[in-house]
Amino acid sequence: MKNKSISISDLQKQLPSLVVGLNKSGIIITDGKAEVAVLLSIREYRSMKAMIKLAGDPEKLLSYYKNVKKVQDGDLADYKNVTKLISGSNK
């Protein structure tokens with residue numbers, strides 16, 4: 001899905017309705033000349049932060065993808081491993 005783009009002045013007028021309607025692709029905010037920011041849902045923001053954290057640890061990233069594959073193949077026992085890797089928990 002393509003990102004929507006909006007100027008800062010239009011953002012100020014439409015912010016409440018834009019926040020309610022946020023989707024996975026977010027909204028690119030422009031200053032009239034260039035893209036300057038992105039408006040994301042909190043869920044997408046947290047997901048991106050978690051993936052950035054995982055990307056900084058290649059061993060955890062590989063483990064994450066292996067566990068995701070197991071979950072996709074129906075092995076839900078590994079769901080806890082995936083959520084632990086995302087949260088950074090060692091419980």
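Look above for the structure.
What this report covers is the structure whose coordinates are included nearby. Keep in mind that this is a model prediction, so the values were computed, not measured. (Residues numbered from 1 in each chain as written. Predicted model: local features only at pLDDT ≥ 70, side-chain atom pairs only at ≥ 80, totals over all residues. Heavy atoms only, no water.)

1. Observations regarding helix α3 (residues 58-72)
Stated precisely, the cut-off is as follows: Each helix corresponds to a stretch of at least 4 residues labelled H or I by DSSP, and each strand to a stretch of at least 2 residues labelled E; elements are numbered beginning at the N terminus. A helix's residues, less one, multiplied by 1.5 Å, set its expected span. To sort residues, take the accessible area from a 1.4 Å probe on protein chains only and compare it with the maximum for the residue type: under 20% means buried, over 50% means exposed, and anything in between is partly exposed. Picture the helix axis, draw a direction to every C-beta atom, and the arc is the one those directions span.
The end-to-end C-alpha distance of α3, which contains 15 residues, comes to 21 Å, matching closely the 21 Å that a straight helix rising 1.5 Å per residue would cover. The set of residues buried in α3 consists of Tyr64, Asn67 and Val68. In an axial view of α3, the angular spread of the buried residues amounts to 105°, which keeps them on one side of the axis. With respect to the buried face of α3, the exposed residues turned more than 90 degrees away are Pro58, Glu59 and Lys66. Within two residues after α3, Gly74 carries a phi angle of roughly 100°, on the positive side.

2. Focus: the pattern of salt bridges
Just so we agree on the cut-off: Salt bridge criterion: a side-chain nitrogen from Lys or Arg within 4 Å of a carboxyl oxygen from Asp or Glu.
Taken as a whole, this structure holds 2 salt bridges when the rule is applied. The partner of Lys13 in a salt bridge is Asp10, with the nearest N and O atoms 3.9 Å apart. Taken as a pair, Lys13 and Asp10 lie in helix α1 (residues 8-20) at a separation of 3 residues, close to a single helical turn. Residue Asp73 is joined to Lys69 by a salt bridge in which the shortest nitrogen-to-oxygen separation is 3.0 Å.

3. Some details on the pairing of strand β1 (residues 4-7)
A regular strand places its side chains on the two faces of the sheet in alternate fashion. This is how the line gets drawn: Being paired, for any two strands, means DSSP has found at least two bridges between them. Seen with the strands pointing away from the viewer, any crossover whose path from the first strand over the helix to the second strand runs clockwise is right-handed.
In this structure, β1 lies alongside strand β2 (residues 27-30), joined through 4 bridges in parallel fashion. The residue bridging Ser7 from the neighbouring strand is Thr30, located in β2. As a crossover connection, the stretch from β1 through α1 into β2 is right-handed.

4. Side note on the nonpolar core
Note the cut-off: Throughout this description, the term nonpolar core refers to a set of buried Ala, Val, Leu, Ile, Met, Phe, Trp, Tyr and Cys residues connected via side-chain atoms within 4.5 Å. Note on definitions: a residue-residue contact is assigned when non-hydrogen atoms from the two residues lie within 4.5 Å.
With 7 residues, the main nonpolar core is built from Ile6, Leu11, Leu18, Leu22, Ile27, Ile29 and Leu39. Elements with a contribution of two residues or more to this core: α1 and β2. Sequence-distant contacts of Ile6, that is, excluding residues within four places in its chain, are made with Leu11, Gln14, Leu18, Ile27, Ile28, Ile29 and Thr30.

5. Comments concerning the sheet that holds β1
Quick reminder of the rule: Each axis is a line fitted through C-alpha atoms, and for a helix only the stretch in contact is used; angles between axes span 0 to 180 degrees, taken between their N-to-C directions.
What the 3 strands build is an open sheet, ordered β1-β2-β3; its pairing is mixed. The open sheet has two edge strands with one neighbour each: β1 and β3 (35-39). With direction set aside, neighbouring strand axes in the sheet form an average angle of 30°. Pairing between β2 and β3: 4 bridges, direction antiparallel.

6. Let's talk about the environment of Asp31
Convention followed: In protein, a polar contact requires one atom able to donate a hydrogen and another able to accept it; more generally it is a pair of N or O atoms within 3.5 Å, and residues adjacent in sequence count only if both atoms are side-chain atoms.
In this fold, Asp31 is placed in the loop between β2 and β3. Separated by 23 residues in sequence, Asp31 and Ile8 have C-alpha atoms that sit 5.8 Å apart. What Asp31 contacts, discounting residues up to four positions off in sequence, is Ile8 and Val36. Within the structure, the side chain of Asp31 is placed 2.9 Å from the backbone nitrogen of Lys33, a separation counted as a polar contact. Polar side-chain contacts of Asp31 include one of 2.9 Å to the backbone nitrogen of Ala34.

Treat this as a map of the structure, not an account of what it does.
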